[in-house]
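Summary of structural features
Spelled out, the chains give:
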Amino acid sequence: MVTVKNAVGREAKGMTRKRRCGDELRREFQSTVTEELLPGILHNFANPLNGIMGRSKLLQKRAVEALGVTEFGQGEPSKEIREKILRDVDLLVEQGDRLYDLFSQVAAKVQRLNDKNEGPINLSELLADEVAFCDYYLDFKHSIEKSVNLDMGVPSVMGSPADYSLALSSILRYSMSVMKDVPVRILSVFSDYDSERIILAISDSGVHDEEAEYLFRAVECGDLAVEEEALGGCRGLYWALALLKEYDVRSLLDTGGGINKITLKVPYNI
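Residues numbered from 1 in each chain as written. Predicted model: local features only at pLDDT ≥ 70, side-chain atom pairs only at ≥ 80, totals over all residues. Heavy atoms only, no water.

**Side note on the pattern of salt bridges**
Applicable threshold: Any Lys or Arg side-chain nitrogen located within 4 Å of an Asp or Glu carboxyl oxygen qualifies as a salt bridge. Helix numbering and strand numbering both begin at the N terminus, where a helix is a DSSP run of H or I of at least 4 residues and a strand a DSSP run of E of at least 2. For the exposure calls, accessible area comes from a 1.4 Å probe over protein chains only, and a residue counts as buried if that area is under 20% of its type's maximum, exposed if over 50%, partly exposed in between.
Summed over the entire model, instances satisfying the criterion amount to 13 salt bridges. Across the pair Glu-24 and Arg-235 runs a salt bridge, and its minimum N-O distance is 2.4 Å. Separated by 211 residues along the polypeptide, Glu-24 in helix H1 (residues 2-30) and Arg-235 in helix H8 (residues 235-245) bring together distant segments of the chain. Judged by its relative accessible area of 6%, Glu-24 falls in the buried class. Residues joined by salt bridges that share partners form a network here, namely Arg-20, Glu-24, Arg-27 and Arg-235.

Here it is as structure tokens:
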């Protein structure tokens, strides 16, 4: 009976720690919404919307000219006008599709954040979605060169989409933050797998301090009792690594050679 109680106690403690990590990451994500995320969403939505509005007015004008009735009767539109009208329609469809894609990205992110049920996840697909969503942070969209090389055929892992979405997006934002004051900003994401683990690598050209290196070592060794005051600018990173640790993910940081690499090794063959 003691063994059963201890097992239940460990499970409850693990669930409490996982929930704490998720709650902290959710608060960290929400803190970016008003000043960073909403301006980016409005900016990204405005581009295709302006295209649709402008092209619609132009199409309306051309249609009236081509199909309208004059004092001389109803004219037959010229070949040039017909081609312009068809081009306007094509551009409207193109911008409409672009707006729908942007809407779908935001809707999918909201869905991931609210999906706390554990199930199979393709981490390459999820990471690709998180990188795409980061374009709503305008500094990321306009100031950082991105390279994406993901193997979409990786095996699925079991986990909560909300947990992995929060953790990966927090790591991506951390990489964005360490590149803030460097002249060359490059972010690369990569995925692969071996017989036991999915390997995700997020590389950047920023400056990681000793505080970050300490957090990686501490979490890897299972020392999660880090003082809140000691987290500094690595607060989101710490909670992301701590949450991934609950899924037995190994987190490594390599800061050599001018390009820093965060490697996450996620077990799937268990």
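**Regarding the pairing of strand S8 (residues 250-254)**
The condition that has to hold: We treat two strands as partners when DSSP finds at least two bridges between them.
Of the two faces of S8, the one lined by Ser-251 and Leu-253 is fully buried and the one lined by Arg-250, Leu-252 and Asp-254 carries no buried residue. Relative to strand S9 (residues 260-267), S8 runs antiparallel, the two being bridged by five bridges. The residue of S9 that forms the bridge with Arg-250 is Lys-265. Linkage of S8 to S9, two consecutive antiparallel strands, is achieved through a turn of five residues, within which Gly-257 is found at a positive phi near 80°.

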